[in-house]
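# Remarks on the overall topology
Chain by chain, the residues:
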Amino acid sequence: MGRNIVILNGSPRRSGNTSALVKAFAEGAEAAGHTVTEFFLDAMDIHGCKGCFGGRSSRDCPCVQQDGMADIYPVVKASDVVVLASPLYYWNLSGQLRTAVDRLFALEEGDGNLLRGRGRASALLMAAEGNGFADVLAYYDHLTEHLQWTNLGHILAGGNMEAGDIQGKAELRQAYDLGHSIR
């Protein structure tokens, strides 16, 4: 039986190196019979967390803010796997992805925790000019530990300065294989 996979794509470029990793991963996952839903966050109206603690996880839109996250919440709630995809910006996730991840906190608030545990798994896809992934990996490992998600692994594609530089590189096949390996 196929799994429900949601990809939060934090790249600002639809044709960039991170998006190429996303495409390869999704193709592998779909070839294995899974359902993949991708959110291209840069095209969505998503505001930063207000830190108001006003969220209620059981509501259709658990956050008090009414924006693009309203489309993401139900898909994440129904997901088996959450994939975080981002270029490496100052040794961290892009602002687009960080904002969405911060806002997922609303699923942990109030009257039931609908984010943590629940047999969910996660993967990380990243492209970068350099290879300084240590800090973002520490963050990702802490995040998956806190959320009690099984860490399926990560594809870290360094050495990609210009859009399209990733073409023909091993990381694209690795992303496909990671998507295809999900059980």
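What counts and how
Residues numbered from 1 in each chain as written. Predicted model: local features only at pLDDT ≥ 70, side-chain atom pairs only at ≥ 80, totals over all residues. Heavy atoms only, no water. Helix = DSSP H or I, 4+ residues; strand = E, 2+ residues; numbered from the N terminus. Rg over C-alpha atoms; globule rule 2.2 N^0.38 Å. Buried < 20%, exposed > 50% of the residue type's maximum accessible area, 1.4 Å probe, protein only. Contact = heavy atoms within 4.5 Å. Areas by Shrake-Rupley, 256 points an atom, 1.4 Å probe, with all protein chains shown as cover. Lys, Arg positive; Asp, Glu negative; His and termini not counted. Charge placed at Lys NZ, Arg CZ, Asp CG, Glu CD. Phe/Tyr/Trp six-rings, centres within 6.5 Å; stacked < 30°, edge-to-face > 60°. Pairing = 2+ DSSP bridges. Salt bridge = Lys/Arg side-chain N within 4 Å of Asp/Glu carboxyl O.

Moving on, we come to the overall build of the protein. Looking only at helices and strands, the protein features five helices and five strands. Across the protein, helices and strands are ordered from the amino to the carboxyl terminus as β-α-β-α-β-α-β-α-β-α. Computed over its C-alpha atoms, the radius of gyration of the protein comes to 16 Å, within 12% of the 16 Å expected for a compact globule of 183 residues. Considered along the principal axes of its C-alpha atoms, the protein spans approximately 45 × 40 × 25 Å. For the protein, the residues scored as buried account for 49% of the 183 residues in total. Excluding contacts between residues fewer than 6 apart, the proportion of contacts in the protein whose partners are at least 24 apart in sequence is 77%. Of the roughly 8,400 Å² that the protein leaves accessible, carbon and sulfur atoms contribute 49%. Between the averaged position of the 16 positive side-chain charges in the protein and that of its 21 negative side-chain charges there is a distance of 5 Å.

So, on to the packing of aromatic side chains. Counted by the stated rule, this structure contains two aromatic pairs. Aromatic pair phenylalanine 53 and phenylalanine 105: ring centres 6.0 Å apart, planes at 85 degrees, arrangement edge-to-face. With phenylalanine 53 in the loop between strand 2 (35–40) and helix 2 (69–77) and phenylalanine 105 in the loop between helix 3 (95–103) and strand 4 (121–127), the pair connects residues that are 52 residues apart, well separated along the chain. For phenylalanine 105, a relative accessible area of 34% corresponds to the partly exposed category. Seen from their ring centres, tyrosine 90 and tryptophan 91 are 5.8 Å apart, and the 65 degrees between their planes marks the pair as edge-to-face.

Within a regular beta strand, the side chains point alternately toward one face of the sheet and then the other, so they alternate between its two faces. Of all the seven residues making up strand 3 (residues 81–87), seven are buried; the element is thus mostly covered by neighbouring parts of the structure. Where burial is concerned, the two faces of strand 3 agree: the one with Val81, Val83, Ala85 and Pro87 and the one with Val82, Leu84 and Ser86 are both buried. The pairing of strand 1 (residues 4–9) with strand 3 spans five bridges and is classified as parallel. Bridge assignment links leucine 8 to a residue of strand 3, and that residue is leucine 84.

With that settled, consider the pattern of salt bridges. Proximity of charged atoms lets side chains of opposite charge pair with each other. Under the counting rule described, the total for this entry stands at five salt bridges. With a closest N to O distance of 2.7 Å, aspartate 67 and arginine 103 form a salt bridge. Taken together, the residues aspartate 67 in the loop between strand 2 and helix 2 and arginine 103 in helix 3 connect sequence positions 36 residues apart. The partner of glutamate 108 in a salt bridge is arginine 116, with the nearest N and O atoms 2.4 Å apart.

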